[in-house]
Amino acid sequence: MEKEAVLTVSDLSLYYGKKKALNTINMTFYKNEITALIGPSGCGKSTLLRSINRMNDLIPTVTITGAIDYKGKNIYSPKIDTVDLRKEIGMVFQQPNPFPFSIYENVVYGLRLKGVKDKALLDEVVENSLKAANIWDEVKDILHSSALGLSGGQQQRVCIARVLAVNPEIILMDEPTSALDPISAARVEETMLELKEDYTIAIVTHSMQQASRISDRTAFMLDGNLVEYNDTKSIFLNPEKQETSDYISGKFG
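Residues numbered from 1 in each chain as written. Predicted model: local features only at pLDDT ≥ 70, side-chain atom pairs only at ≥ 80, totals over all residues. Heavy atoms only, no water.

Per an unreviewed UniProt entry, the protein carries the name Phosphate ABC transporter ATP-binding protein and comes from Lactococcus taiwanensis.

Here it is as structure tokens:
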């Protein structure tokens, strides 16, 4: 069965000043899948992830060529509203970054920005988002306490709930478990596997075990190039490129 493409990167190159950080990247992300981006530090995987919701726009020296097609439009077209884009393509960062508000206010933050005031609706979104992020049972009795009082793993799941509350299509995760202990990381991985039923997920990870456990497809990047992109099983068990094989077997990285 042909998978539905959600987002397609075409000939994407990115420069920081004169330094080329991404070199003519072509790849497609598919509906209800987790795509892992792997490769050594500095290979361009986080830069690519941040290109998908135009987070790199915030860096003044960046120049981008090529296109990213989402819903029939190039997201780099001048007509695209980046605020709206980032609601549809949400981002979870490496360090949990809850706002210094209550758990409840963290989750409804995006809806309040949109002017939503209906308390019944906000309550419902909070419950549904925290349930989807696998943390409702742990926080339902302390919703009005500061999110900063939670453990790192709980904070990260609240940040996931905050992204879910605005009803995105795609969730980008930049090493979402690297700052967490193994038990918390496992809870976030479980959450991701449940979320892919409803969302498309792209994750940058340093952990090859994580990529092999949870992703459907894996992209191996090196020096700003996409070396190989295939279903995860093929990448790990039968890579086509020598560099992929060397990286996965631990010869460098």
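This is not the end of the story, as more comes after the structure.
Before going further, it helps to examine the nonpolar core. Core analysis: the biggest nonpolar cluster contains 45 residues, and Ile 103, Leu 130, Leu 143, Ile 160, Ile 171, Met 173 and Met 192 have the highest contact counts within it. The element best represented in this core is helix 6 (residues 152-165), accounting for six residues. Apart from residues lying up to four places away in sequence, Met 173 is in contact with Leu 49, Val 92, Ile 160, Met 192, Ile 201, Ala 202, Ile 203 and Val 204. Core analysis: the second largest hydrophobic core is formed by 29 residues, Leu 14, Met 27, Ile 75 and Ala 202 among them. (Core = buried A, V, L, I, M, F, W, Y, C linked by side-chain atoms within 4.5 Å. Buried < 20%, exposed > 50% of the residue type's maximum accessible area, 1.4 Å probe, protein only. Helix = DSSP H or I, 4+ residues; strand = E, 2+ residues; numbered from the N terminus. Contact = heavy atoms within 4.5 Å.)

We now examine the packing of aromatic side chains. To describe a pair of aromatic rings, one takes the distance between the centres and the angle between the planes. Enumeration according to the criterion identifies five aromatic pairs in this entry. Aromatic pair Phe 101 and Tyr 109: ring centres 6.2 Å apart, planes at 25°, arrangement stacked. In this structure Phe 101 comes out as partly exposed when scored by relative accessible area, which is 34%. With centroids separated by 5.5 Å and ring planes inclined at 55°, the aromatic side chains of Tyr 247 and Phe 252 adopt a geometry described as tilted. Overall, the relative accessible area of 4% leaves Tyr 247 in the buried class. The lysine or arginine in question, Arg 162, covers the ring of Phe 99, its NZ or CZ lying 4.0 Å from the ring centre. (Phe/Tyr/Trp six-rings, centres within 6.5 Å; stacked < 30°, edge-to-face > 60°. Lys NZ or Arg CZ within 6 Å of the ring centre and 35° of its normal.)

Moving on, we get to the sheet that holds strand 8 (residues 200-204). Taken together, the six strands give an open sheet; going across it, the order is 6-7-8-3-9-10, and neighbouring strands pair in mixed fashion. Bordering the open sheet on either side are strand 6 (89-92) and strand 10 (225-231), each of which pairs with just one other strand. Neighbour-to-neighbour, the strand axes of this sheet turn through a mean angle of 15°, independent of strand direction. Contacting strand 6 and strand 7 (170-174), helix 6 crosses the sheet at an angle of about 170° to strand 6. Packing of helix 7 (residues 182-195) onto the sheet brings it into contact with strand 3 (34-38), strand 7 and strand 8, and relative to strand 8 it is tilted by some 150°. (Pairing = 2+ DSSP bridges. Axes fitted to C-alpha atoms, helices over the stretch in contact; angles between N-to-C directions.)

This brings us to the UniProt feature "domain: ABC transporter" (unreviewed entry) in the protein. Mapped onto this structure's residue numbering, the UniProt feature "domain: ABC transporter" (unreviewed entry) falls at residues 7-248. Along residues 7-248, the helical share is 38% and the strand share 27%, with 26 Å between the first and last C-alpha atoms. (UniProt positions renumbered as here; feature names shortened; annotations may be inferred.)

A few words now on the side chain of Asp 246. Locating Asp 246 in the fold gives a position in helix 10 (residues 242-248). Judged by relative accessible area, which is 18%, Asp 246 ranks as buried. Excluding residues that lie within four positions of it along the chain, Asp 246 makes contacts with Lys 251 and Phe 252.

Before going further, it helps to spend a moment on the pairing of strand 2 (residues 19-30). Alignment of strand 1 (residues 5-16) against strand 2, held across eight bridges, turns out to be antiparallel. By the bridge assignment, Val 9 is partnered in strand 2 with Met 27. Between strand 1 and strand 2, which pair antiparallel in sequence order, lie two residues; one of them, Gly 17, sits at a positive phi of approximately 60°.

A separate point is the layout of surface pockets. In this structure, the largest pocket encloses a volume near 580 Å³. The wall of the largest pocket is formed by 17 residues, among which Arg 86, Lys 87, Phe 99, Tyr 109 and Arg 162 lie closest to the centre. Listed by contribution, the elements that provide at least two residues to the lining of the largest pocket are helix 2 (82-88), strand 6, helix 3 (103-113) and helix 6. Looking at the lining of the largest pocket, its residues break down into 10 nonpolar, four polar and three charged. When residues of the lining of the second largest pocket are assigned to their parent elements, the largest contribution, four residues, is made by helix 7. (1 Å grid on protein atoms, 1.4 Å probe; cavity = no way out; pocket = protein on both sides within 12 Å on 5 of 7 lines; lining within 4 Å. Points joined across faces, edges and corners; volume = space filled by probe spheres on them. Nonpolar A, V, L, I, M, F, W, Y, C, P; charged D, E, K, R; others polar.)

We now examine empty space enclosed by the protein. Taken as a whole and judged by the stated rule, the model has one cavity of 30 Å³ or more. Taken together, the elements giving at least two residues each to the lining of the largest cavity come down to strand 7 and strand 8. In terms of residue class, the lining of the largest cavity is made up of seven nonpolar, one polar and no charged.

The next subject is the sheet that holds strand 2. Within the open sheet, the four strands sit side by side as 2-1-4-5. Their pairing is antiparallel. Each edge of the sheet is formed by a strand with only one pairing partner; in this case those strands are strand 2 and strand 5 (73-74).

It is worth spelling out the packing of helix 3 against helix 4 (residues 119-132) at this point. Look at helix 3 against helix 4: their axes get within 10 Å of each other, and the N-to-C directions meet at 115°. As far as their axial angle goes, helix 4 and helix 3 are roughly perpendicular. Once helix 3 is placed against helix 4, the crossing between them reads as right-handed. Along the contact surface, helix 3 presents Ile 103, Tyr 104, Val 107, Val 108, Leu 111 and Arg 112, while helix 4 presents Lys 119, Leu 122, Asp 123, Val 125, Val 126, Ser 129 and Leu 130. Looking at the contact of helix 3 with helix 4, its residues break down into nine nonpolar, one polar and three charged. (Parallel < 35°, antiparallel > 145°, perpendicular 65-115°, else oblique. Left-handed = near helix turned anticlockwise from the far one by under 90°.)

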